[in-house]
Amino acid sequence: MIGCDYCFVRVVAFAGFIFSHVGSASFSDCFLHGTFMKKTFLLYRAWAKSVSSFFQGSTWLLIAPRLLILCMALWLGVPQFTSLAQMDGREKIADIVWTDTENGGLAQVVVYLSDQADLTTREKGLVPEAMEQAEQGAYVFAALQAVQMRSQIPIQQLLTQRQHPFQPFWVVNAVASTINRGTLLALAAQPGVAKIESNRPFLGVLSPAPKPSAAPMQLGVEPNIAWIHADSLWGLGYTGQNMVVASADTGVDWSHLALKDKYRGWDGASVNHDYAWHDAIHSDISGNGTNPCGFSSLTACDDYGHGSHTVGIMVGDDGSNQIGVAPGAKWIACRNMEQGYGQLSTYLECLQFFLAPTQTDGSNPDPSMRPHIINNSYACGTSEGCGYTSLDTAIQNLRSAGIMFVAAAGNSGPSCNIISFPPAMSPYAFTIGATYASSDTIASFSSRGPIAVNGSNLLKPDMVAPGQGIRSSVLAGGYAYLSGTRMAAPHVAGSIALLWSAHPWLLRNVALTEQYYRQTVRPLTSSQTCGSYPGSQVPNAVYGYGALDVLATHNFLNSLYIYYFPYISIP
């Protein structure tokens, strides 16, 4: 009997072996699908001796329950000796989520579905190259919503039945909710669920709030703006006109004199925040119980000062304080942090708003109103459960819609391999390190690459820009000097607005824009070698491909005109 029991284990293992090679099948597949049976028979012959010994010396009373178990193993498609955790979907659940649901606890989660839209950047073919920009946005928007509608129904029904409020997303096929252990396991067991990640609040900004009294009035072009030669393009008539930049941050003080005329919601006489502002902060995230902007604000507001500073670097100009790279561009904004604290769900909500901006109540999404560039001077806290790839699909989908996503590298320098959080580590983000305001010397705080935490060895940052001692707008109509890669990223975002206004043939072609930047930045080397990227070579993991010089990029693009169209003169 012992031998027969051992043989029974081998037969059950054989069932798993079949499915590891043939693939999961339903009960009807086992008995009705000829192809499956043929493959199974070939595998069965290799196991014939074990199977025959299973039946020898046994009575049908013993055989019957074993056969039942064997058929159930085939029916469910259980891999050989699969652990209980794998059988109930435990491998889909982030450890921090599992911990949060211990002892009757509740976990804030984002449930990612395996069914995701089949999109890529338009230059790779799935979004047709010949599409007009408005059609491109509508195409991506419709594709993403179609995936959500066809696949989220079981998840939404389960959460509704168990009385868990939820927030659905389409920018990535996902659902946010707050759930208990039982619902967690029920979700993990759903075949359409890919992973369940934490939605815990975390400190999202990359440094403390600015102080408005830190910088006196200063007239003229800021030295960091002149250093990248942005003012040279102004002299040629290119200021970012017809471009829209976006801020995903702590909000923006829209009434600041350096920002007001650049706000898409302001027409020079009255303000309308529809399609220009969204607030993803619907409750107290920071835990202090109050917020100067309130929650779900219908009016553009900044509860921290950080977003106002970064928007100022992109577009700010009050006629005297020329603090912005592209003063002719317009801006829109979404508050994804509450006094510096964010959640994965608030970040996703803002990215969704940018792909198809809405009225302030969230209605009537319109992808034709999407911005051209998004600046991201924040982190998604991995210590609180934000996964390394949590934002990747959403960023890739934005890219497919022709939106360039610029991210700050982080302020954890000078060691190597410390760009280790989203969105800076994403292969779909254009990641920016920081130099001093008027030099190409790397700032000591600027995070270095390459990406090591996930084993990708991806080169980051992509390039560098001024980020040390940058003067820009803050709350209460003031100005302040701040430092960080969070100041460097908006220099690049603003410079893209300049270039796309000067070269509309390049508009919304994200991959080609990145390529031209890498070809035209000032190449820089370093004495610091990080991993397989020697500092003596370009690119390297300190400076990436080099330092921003928007005039050099513009001149290079002009040379393309001269080469291909020699009879066309462009300034």
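What counts, and at which threshold
Residues numbered from 1 in each chain as written. Predicted model: local features only at pLDDT ≥ 70, side-chain atom pairs only at ≥ 80, totals over all residues. Heavy atoms only, no water. Helix = DSSP H or I, 4+ residues; strand = E, 2+ residues; numbered from the N terminus. Buried < 20%, exposed > 50% of the residue type's maximum accessible area, 1.4 Å probe, protein only. Areas by Shrake-Rupley, 256 points an atom, 1.4 Å probe, with all protein chains shown as cover. Axes fitted to C-alpha atoms, helices over the stretch in contact; angles between N-to-C directions. Parallel < 35°, antiparallel > 145°, perpendicular 65-115°, else oblique. Left-handed = near helix turned anticlockwise from the far one by under 90°. Contact = heavy atoms within 4.5 Å. Lys, Arg positive; Asp, Glu negative; His and termini not counted. Salt bridge = Lys/Arg side-chain N within 4 Å of Asp/Glu carboxyl O. Polar contact = N/O pair within 3.5 Å; in protein donor to acceptor, adjacent residues only side chain to side chain. Pairing = 2+ DSSP bridges.

Caption draft 1: Fine view of the overall build of the chain. Each helix and strand counted, the chain has 18 helices and 18 strands in total. The proportion of buried residues among the 571 residues of the chain is 55%. Accessible area of the chain: about 22600 Å², with a carbon and sulfur share of 57%.

Caption draft 2: Quick look at the packing of helix 9 (residues 153-161) against helix 10 (residues 181-188). Contact geometry for helix 9 and helix 10: axes closest at 11 Å, N-to-C directions at 165°. Taken together, helix 9 and helix 10 sit at an angle that is classed as roughly antiparallel. Helix-helix and strand crossings are classified by hand; for helix 9 and helix 10 the assignment is right-handed. On helix 10, the residues that touch Ile155, Leu158 and Leu159 of helix 9 are Thr183, Ala186 and Leu187.

Caption draft 3: Representation of the side chain of lysine 92 within the structure. Examined against the element boundaries, lysine 92 turns out to sit in the loop between helix 6 (84-87) and helix 7 (95-100). One buried charged residue, lysine 92, remains without a salt bridge, the closest side chain of opposite sign being glutamate 91 at 5.5 Å. Within the structure, lysine 92 has its side chain in polar contact with the backbone oxygen of alanine 188 (distance 2.9 Å). Within the structure, the side chain of lysine 92 is placed 3.0 Å from the backbone oxygen of valine 193, a separation counted as a polar contact. For lysine 92, the residues in contact, after removing those within four places along its chain, are Ala188, Gln190, Pro191, Val193, Ala194, Lys195 and Ile196.

Caption draft 4: A look at the packing of helix 13 (residues 306-315) against helix 16 (residues 485-502). One can describe the packing of helix 13 onto helix 16 by two numbers: an axis separation of 7 Å at closest approach and a directional angle of 40°. Note on packing geometry: the crossing formed by helix 13 with helix 16 is right-handed. Residues His306, His309, Thr310, Ile313 and Met314 of helix 13 form the contact with helix 16, whose participating residues are Arg486, Met487, Pro490, His491, Ala493 and Gly494.

Caption draft 5: Layout of helix 10. Restricting attention to buried positions, one finds in helix 10 the residues Thr183, Leu184, Ala186, Leu187 and Ala188. Where helix 10 begins, the capping side chain belongs to asparagine 180, and its oxygen is found 3.3 Å from the backbone nitrogen of glycine 182.

Caption draft 6: Just the sheet that holds strand 7 (residues 244-249), in detail. Pairing is parallel across the open sheet formed by 7 strands, whose spatial order is 8-10-7-13-14-15-16. Pairing within the sheet leaves two strands with one partner each, and these edge strands are strand 8 (277-279) and strand 16 (463-468). The average angle at which neighbouring strand axes cross in this sheet is 25°, direction not considered. Here strand 13 (residues 373-376) pairs with strand 14 (residues 404-408) via 4 bridges, running parallel. Bridging from a neighbouring strand, isoleucine 374 pairs with phenylalanine 405 of strand 14.

Caption draft 7: Molecular detail of the sheet that holds strand 12 (residues 341-342). One open sheet holds the 3 strands; their spatial order is 5-12-11, and the pairing between them is antiparallel. One side of each edge strand has no neighbouring strand; the edge strands of this open sheet are strand 5 (202-203) and strand 11 (337-338). Sheet analysis places strand 5 next to strand 12, joined by 2 bridges and oriented antiparallel. Residue pairing for strand 12: leucine 203 is matched across the bridge by tyrosine 341.

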